[in-house]
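Chain by chain, the residues:
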Amino acid sequence: MKHICPDNLLDFAFVNFDTLQYPVRGIFFYLHGYTDATMFTQSNEMAALFGKHGIAWVFPYYSVWAWMSRSSQIFNEQVLDAVYERLGVDDTVPLMIGGGSMGGLRALNYLVYGKRAAIGCALNCPVTDMNQVYEDYFDFRRAILSAHIEEQEDLHTVMARYSPVRFANQLPKIPYFLLYGQNDTYFTDVQRPPFLRECDQNGLSYELLIQPQMGHCDMSNSPDAYQRFCDFLISLPDKQ
């Protein structure tokens, strides 16, 4: 079903049209984490900052239980198509992608399975092994199964296909910013070492920041990490 279009775009995503300065230098597709149902009526701090620098900040309202489901991938592609059309730009305007936790997993998957190429990727405490999350956190299992129950393969095979630690050799050779919280009590401290090893073995270039005293995805209380995350992305279009 093709439904999302320029006319109804803001029903299905937030775009910082209220703060965006023209001409548009780039588009940052920022993917939310598990259970994040946030919706916006005006630019938040990050959206306004990107808008000031001529970057469209796009926050799609895909399923809060998405976990790389096929339906959410189609949803996000329709959002991006509508954004480019409404802005009146083509693919020469560069795409940047990022997200936190489940959104980080989705961002990495987009780089491999998505329609458009991105020039850079910024991740905040990303999930990189869905199998490990499923095994160690029983309260995530219902969401992951719900996301993938229509797949024909068994669930563990599907989770492996969408786990970045398993497909790092397919990730594009673009700049990456990898942010982790030193006080993250979830799963990313366990997942970080094997994912970084895969990145190193496959020649990926990344800037790594393990932020002291930061919890899971908590850039709001880590202004230095927030600034570095944003600066990394804002500078990318000028490097093309």
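Residues numbered from 1 in each chain as written. Predicted model: local features only at pLDDT ≥ 70, side-chain atom pairs only at ≥ 80, totals over all residues. Heavy atoms only, no water.

J.: How should I be thinking about the overall build of the protein in this particular structure?
T.: What the protein contains, in helices and strands, is nine helices and seven strands. In summary, the protein has a C-alpha radius of gyration of 17 Å against a globular reference of 18 Å for 240 residues, a match within 12%. Each of the three principal axes of the protein carries a C-alpha extent, and together these read 45 × 40 × 30 Å. Counting over 240 residues, the protein shows a buried share of 55%. Contacts in the protein between residues far apart in sequence, at least 24 positions, make up 79% of those at least 6 positions apart. Each charge sign in the protein was given a centre, from 17 positive and 27 negative side chains, and these centres are 3 Å apart. (Helix = DSSP H or I, 4+ residues; strand = E, 2+ residues; numbered from the N terminus. Rg over C-alpha atoms; globule rule 2.2 N^0.38 Å. Buried < 20%, exposed > 50% of the residue type's maximum accessible area, 1.4 Å probe, protein only. Contact = heavy atoms within 4.5 Å. Lys, Arg positive; Asp, Glu negative; His and termini not counted. Charge placed at Lys NZ, Arg CZ, Asp CG, Glu CD.)

J.: So what exactly am I meant to see when it comes to the side chain of Ser69 here?
T.: For Ser69, the position within the fold is in the loop between strand E3 (55–60) and helix H2 (70–87). We classify Ser69 as buried; its relative accessible area is 5%. Only 3.3 Å separates the side chain of Ser69 from the side chain of Ser71, close enough to count as a polar contact. The residues touching Ser69, leaving out its near neighbours within four places in the chain, are Arg106, Ala147 and His148. (Polar contact = N/O pair within 3.5 Å; in protein donor to acceptor, adjacent residues only side chain to side chain.)

J.: Sorry, what's going on with the pattern of salt bridges here?
T.: Oppositely charged side chains may form a pair once their charged atoms are brought near each other. Enumeration over the complete set of coordinates arrives at eight salt bridges. A salt bridge links Arg116 to Asp81, with the shortest nitrogen-to-oxygen separation between them at 2.9 Å. In this pair, Arg116 sits in the loop between helix H3 (102–113) and strand E5 (120–124) while Asp81 sits in helix H2, placing the two residues 35 residues apart along the sequence. Judged by its relative accessible area of 22%, Asp81 is partly exposed. With its nearest N and O atoms 2.8 Å apart, the salt bridge here joins Glu207 to Arg228. (Salt bridge = Lys/Arg side-chain N within 4 Å of Asp/Glu carboxyl O.)

J.: Honestly, the pairing of strand E7 (residues 206–211) in this entry has me stumped. Any pointers?
T.: The sheet contact formed by strand E6 (residues 176–181) and E7 spans six bridges and is parallel. For Leu178, the partnering residue across the bridge sits in E7 and is Leu208. Handedness of the crossover joining E6 and E7 through helix H8 (residues 188–201): right-handed. (Pairing = 2+ DSSP bridges. Right-handed = clockwise from strand over helix to strand, strands pointing away.)

J.: Just to check I follow, could you spell out helix H9 (residues 223–235) for this structure?
T.: The α-helix winds at 3.6 residues per turn, so residues separated by three or four positions along the chain end up facing the same way. Taking 1.5 Å as the rise per residue, H9 with 13 residues should run 18 Å; its terminal C-alpha atoms sit 18 Å apart, in good agreement. Residues of H9 that are buried: Ala225, Tyr226, Phe229, Cys230, Phe232, Leu233 and Ile234. (Expected span 1.5 Å × (residues − 1).)

J.: Could you clarify how one ought to interpret the packing of helix H1 (residues 45–52) against H9 in this entry?
T.: The geometry of a pair of packed helices is captured by two quantities: the angle between their axes and the separation between those axes. Two elements in contact, H1 and H9, have axes whose closest approach is 11 Å; the angle formed by their N-to-C orientations is 35°. Judged by the twist between their axes, the crossing of H1 over H9 is right-handed. On H9, the residues touching Glu45, Met46, Leu49 and Phe50 of H1 are Tyr226, Phe229, Cys230, Leu233 and Ile234. Tallied by class, the residues present in the contact of H1 with H9 amount to eight nonpolar, no polar and one charged. (Axes fitted to C-alpha atoms, helices over the stretch in contact; angles between N-to-C directions. Left-handed = near helix turned anticlockwise from the far one by under 90°. Nonpolar A, V, L, I, M, F, W, Y, C, P; charged D, E, K, R; others polar.)

J.: Explanation requested: the side chain of Ser222 in the structure shown.
T.: Here Ser222 lies in the loop between E7 and H9. Residue class for Ser222 comes out buried when judged on its relative accessible area of 4%. At a separation of 3.3 Å, a polar atom in the side chain of Ser222 contacts the main-chain carbonyl oxygen of Asp218. Apart from the residues within four sequence positions on either side, Ser222 is in contact with Gln211 and Met214.

J.: Can you help me understand the sheet that holds strand E4 (residues 95–100) in this one?
T.: One open sheet accounts for seven strands, arranged E1-E3-E2-E4-E5-E6-E7; its pairing is mixed. On the outer flanks of this sheet lie strand E1 (13–15) and E7, each paired with one strand and no other. Averaged over neighbouring strand pairs, the angle between their axes works out to 15° when direction is ignored. Two strands pair when backbone bridges link them, and E4 and E5 are joined in this way by five bridges, in the parallel orientation. Across the sheet, Met96 pairs through a bridge with Gly120, a residue of E5.

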